[in-house]
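Understanding the architecture of this molecule
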Amino acid sequence: MRVCNEGFDKAFIDENRDMYAISFTQYVLSGRWKYFILWYLRGETRRYTDIKKFLGGLSQGSLTKQLRELEQDGVIKRDVYPEVPPRVEYSLTDKGNKLLPILEKMEDFGKEYG
């Protein structure tokens, strides 16, 4: 399996769509806190401060990085309200909601074998 700096080379993708799909999903979810962020946002819009409190000792920089990556991947939506202080809220997009069954299967697996 050959991976270039931008990801898989075209030949690999063409020959191994199933493995590419798994790898792409893994890439979107990669990051220590992304699973927890998505799980916390399921069914509810949350403010930045609520997410930070939920995750405990996570630094502001680490949380911001994870949220930006999820937003760039189209998994979460960020809404900024022009208030003082500014209010920032996050919610799952349709694409993000499609990841929830994967997290539910992970939860099932962990309950059974963890």
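Residues numbered from 1 in each chain as written. Predicted model: local features only at pLDDT ≥ 70, side-chain atom pairs only at ≥ 80, totals over all residues. Heavy atoms only, no water.

As for the overall build of the protein
Definition in use: A run of DSSP states H or I qualifies as a helix once it reaches four residues; a run of E qualifies as a strand once it reaches two. Both are numbered from the N-terminal end. Any residue under 20% of the maximum accessible area for its type is buried, any over 50% is exposed, and the rest in between are partly exposed; the area is computed with a 1.4 Å probe on protein chains only. Throughout, a contact is declared for two residues whenever any of their heavy atoms are within 4.5 Å. Using a 1.4 Å probe, the Shrake-Rupley method yields the accessible areas, and only the shown protein chains count as cover for residues.
The number of helices and strands found in the protein is seven helices and five strands. In terms of its C-alpha atoms, the protein occupies a principal-axis envelope of roughly 55 × 35 × 25 Å. Taken across its 114 residues, the protein has 31% of its residues classed as buried. Of all intrachain contacts in the protein linking residues separated by at least 6 positions in sequence, the fraction that spans at least 24 positions is 45%. Total accessible area computed for the protein in this model is approximately 8100 Å², and 52% of it derives from carbon and sulfur atoms.

Focus: the sheet that holds strand 3 (residues 46-47)
Short version of the rule: A strand pair is defined by DSSP finding two or more bridges across the two strands.
One open sheet holds the three strands; their spatial order is 3-5-4, and the pairing between them is antiparallel. Of all strands in the sheet, those bounded by a partner on one side alone are strand 3 and strand 4 (76-81). Taken together, the six bridges between strand 4 and strand 5 (residues 87-92) define a ladder with antiparallel strand orientation. Bridged to aspartate 79 within strand 5 is glutamate 89.

Here's the deal with unusual backbone geometry
Trans is the common state for peptide bonds, and a negative phi is the common state for residues other than glycine. Cis rather than trans, the peptide bond between valine 84 and proline 85 has omega equal to -10°. Checked against the element boundaries, proline 85 lands in the loop between strand 4 and strand 5.

Topic: the packing of aromatic side chains
Worth spelling out the cut-off: Ring pairs are drawn from Phe, Tyr and Trp, using the six-membered ring of Trp, whenever the two centres fall within 6.5 Å, and their geometry is named by plane angle: stacked under 30 degrees, edge-to-face over 60, tilted for the rest. Two limits define a charge over a ring: the Lys NZ or Arg CZ must be within 6 Å of the ring centre, and within 35 degrees of the ring normal.
Counted according to the given criterion, the structure contains four aromatic pairs. Measuring from centroid to centroid gives 6.1 Å for tryptophan 33 and phenylalanine 36, while their planes differ by 50°, and the two rings are tilted. Judged by relative accessible area, phenylalanine 36 falls into the partly exposed class, the value being 45%. The interplanar angle of 45° and the centroid separation of 4.8 Å between the aromatic rings of phenylalanine 109 and tyrosine 113 together place this pair among those described as tilted. Of the two residues, phenylalanine 109 and tyrosine 113 are both situated in helix 7 (residues 100-113); the distance of four residues between them amounts to about one turn of the helix. A relative accessible area of 56% places tyrosine 113 in the exposed class. Stacked on the ring of tyrosine 40, the Lys or Arg arginine 46 has its end atom at 3.7 Å from the ring centre.

Quick word on the packing of helix 3 (residues 34-41) against helix 5 (residues 60-72)
Keep this limit in mind: Axis definition: a line fitted to C-alpha atoms, over the contacting stretch in the case of helices. Angles run 0 to 180 degrees between N-to-C directions. Orientation is classified from the angle alone, with under 35 degrees giving roughly parallel, over 145 giving roughly antiparallel, 65 to 115 giving roughly perpendicular, and any other angle giving oblique. For this classification, Asp, Glu, Lys and Arg are treated as charged, while Ala, Val, Leu, Ile, Met, Phe, Trp, Tyr, Cys and Pro are nonpolar and the rest, including Gly, are polar.
One way to put it is that helix 3 packs onto helix 5 with a least axis distance of 10 Å and a crossing angle of 70°. The pairing of helix 3 with helix 5 is recorded here as roughly perpendicular in orientation. Seen from helix 3, the contacting residues are Lys34, Ile37 and Leu38; seen from helix 5, they are Leu63, Gln66, Leu67, Glu69 and Leu70. Residue composition of the contact of helix 3 with helix 5, by class: five nonpolar, one polar and two charged.

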